Amino acid sequence: MVQFFNAFLDFFFPPRCLICEKDIINAQPQGICEPCLSSIRYISSPICFKCGIPFNSGIGRDHLCGTCLTSRVYFTKARAVGFYEGVLQEAIHRLKYNRKTLLAKPLGALMMGYHLGSIDFKSYDFLIPVPLHFKRLRERGFNQALFLARYIGKRYGIPIDYMSLKRIKWESPQINLSKEERERNVKGVFSLPNESRFRDKSILLIDDVYTSGATVNECSRVLTKAETSRVDVLTLCRAV
Ligand SMILES: [Zn+2]
Ligand SMILES: [Zn+2]
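Note that this is a predicted model, so its numbers are computed, not measured.

> I would appreciate a short explanation of the packing of helix H5 (residues 104-114) against helix H7 (residues 144-156) in the present structure.
Two numbers describe a pair of packed helices, the interaxial angle and the distance between the axes. With their axes 8 Å apart at the nearest point, H5 and H7 run at an angle of 60° to one another. Overall, the two elements H5 and H7 adopt an arrangement that is oblique. Two packed elements cross with a definite hand, and for H5 against H7 that hand is right-handed. Across the interface between the two elements, Ala104, Lys105, Leu107, Gly108, Ala109, Met111 and Met112 from H5 touch Phe147, Leu148, Arg150, Tyr151, Ile152 and Arg155 from H7.

> What is the right way to read the pairing of strand S6 (residues 230-238) from this model?
On a regular strand, each side chain points to the face opposite its neighbour's, so the side chains alternate between the two faces of the sheet. A large share of S6 lies buried, amounting to eight of its nine residues. Taken together, the six bridges between strand S1 (residues 77-83) and S6 define a ladder with parallel strand orientation. Looking at the pairing, Ala80 lines up with Thr235 of S6. Tracing the backbone out of strand S5 (residues 202-210), into helix H9 (residues 214-225) and back to the parallel element S6 gives a crossover that is right-handed.

> Sorry if this is basic, but what is going on with H7 here?
Each full turn of the α-helix corresponds to 3.6 residues, which orients residues three or four apart in the same direction. Along its length, H7 reaches its greatest deviation from straightness, about 25°, at Arg150. Inspection of H7 places Gln144, Ala145, Leu146, Phe147, Leu148, Ala149, Ile152 and Gly153 among the buried residues, and these make up the whole buried set. Close packing links the buried residues of H7 with helix H4 (86-97), H5, strand S2 (126-129), S5 and S6. Gly157 lies just past H7 and shows a positive phi near 65°.

> Before we go on, may I ask you to explain the nonpolar core in this structure?
One recurring pattern in soluble globular proteins is that nonpolar side chains are buried together. Membership of the largest hydrophobic core comes to 54 residues, with the highest contact counts inside it found for Leu107, Met111, Leu148, Ile203, Leu205 and Ile206. Listing elements by their share of this core, those giving two or more residues are S1, H4, H5, S2, H7, S5, H9 and S6. Broken down by element, this core gets its largest block of residues, six residues, from H7. Not counting residues up to four positions away in its chain, the partners in contact with Leu148 are Ala104, Leu107, Gly108, Met111, Ile206, Asp208 and Leu236.

> Mind showing me how you'd approach the confidence of the model for the protein here?
Predicted coordinates in areas of low pLDDT are best not read in detail. Within the protein, residue pLDDT values average 90, and 92% of them lie at 70 or more. Per-element confidence in the protein ranges from a low mean pLDDT of 56 for helix H1 (residues 2-12) to a high of 98 for S2.

> Honestly, the sheet that holds S1 in this entry has me stumped. Any pointers?
In a beta sheet, neighbouring strands are held together by backbone hydrogen bonds and run either parallel or antiparallel to one another. Taking strand neighbours across the sheet as the criterion, the four strands line up as S1-S6-S5-S2 in an open arrangement whose pairing is parallel. Strands with a single pairing partner mark the edges of an open sheet, and in this sheet they are S1 and S2. Adjacent strand axes in the sheet meet at a mean angle of 20°, parallel and antiparallel pairs treated alike. Together, S1, S5 and S6 form the strand contacts of H4, whose direction differs from that of S6 by roughly 105°. Across the face of the sheet, H9 comes into contact with S1, S5 and S6 while running at roughly 165° to S5.

> Looking at this structure, how should I read unusual backbone geometry?
Note: most peptide bonds trans; most residues except glycine with negative phi. Cis peptide bonds are those with omega within 30 degrees of zero, and the linkage from Ser45 to Pro46 qualifies with 0°. When you line up the elements, Pro46 lands in the loop between helix H2 (34-38) and helix H3 (66-70). If you check the backbone angles, Arg99 has positive phi at about 55° while not being a glycine. Along the chain, Arg99 falls in the loop between H4 and H5.

Rules behind the numbers
- Residues numbered from 1 in each chain as written.
- Chains lettered and ligands numbered in written order.
- Predicted model: local features only at pLDDT ≥ 70, side-chain atom pairs only at ≥ 80, totals over all residues.
- Axes fitted to C-alpha atoms, helices over the stretch in contact; angles between N-to-C directions.
- Helix = DSSP H or I, 4+ residues; strand = E, 2+ residues; numbered from the N terminus.
- Parallel < 35°, antiparallel > 145°, perpendicular 65-115°, else oblique.
- Left-handed = near helix turned anticlockwise from the far one by under 90°.
- Contact = placed C-beta atoms within 7 Å.
- Buried ≥ 20, exposed ≤ 12 C-beta atoms within 10 Å, placed from the backbone.
- Pairing = 2+ DSSP bridges.
- Right-handed = clockwise from strand over helix to strand, strands pointing away.
- Bend = angle between axes of the 7 residues up to and from the residue.
- Core = buried A, V, L, I, M, F, W, Y, C linked by C-beta atoms within 7 Å.
- pLDDT = per-residue confidence, 0-100.

What follows is the structure in structure tokens.
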């Protein structure tokens, strides 16, 4: 009966792509049309095996980038699906500012699907969405990172902890800041009052965009202080 009703709805009200708003003919994952999906510039090897930055040369094996060689990186690895541009940029904009929260499901599916081979999702004890400051949360009404984490958590039965790690300091916007300024900007921004909960646990941090990595690195620093066994990072896109 439900299937019949869905088919009826699809026939008279064909589903629209949540990004370009054209009728969807054949979509995988549902909610984003095929032309939008195929226009995404996906990130692929060779990348830095720590921070995931793609190397321009496009040839050779994955290796450590100059930044990861010379600076303190607290996560084990960070991975993203695609570049922060075009369809993915539009998707994040719609999710965050136009409250198109339905997008979280296909985007979460994309994050999981693209990394099935490179991330062992079942190995994590907790998924932690990068928290927003409560003022930002009140203003937006939801944390987009939590929405993205939900799909993966549900699929693998991994608990999502969105209460323990807290954003306690309001930082000035990070746009136009240098890498060093961003690092200084995020110092002391996060706190983790119940550290013992994470001892010897594997954590996957989830966020929408990886920019300089300063935010997720600071989250990872706070988490590793709690003697976690590993902190990895997964974002939808990467601003290179
Ligand atoms: Zn589309
Ligand atoms: Zn790197």
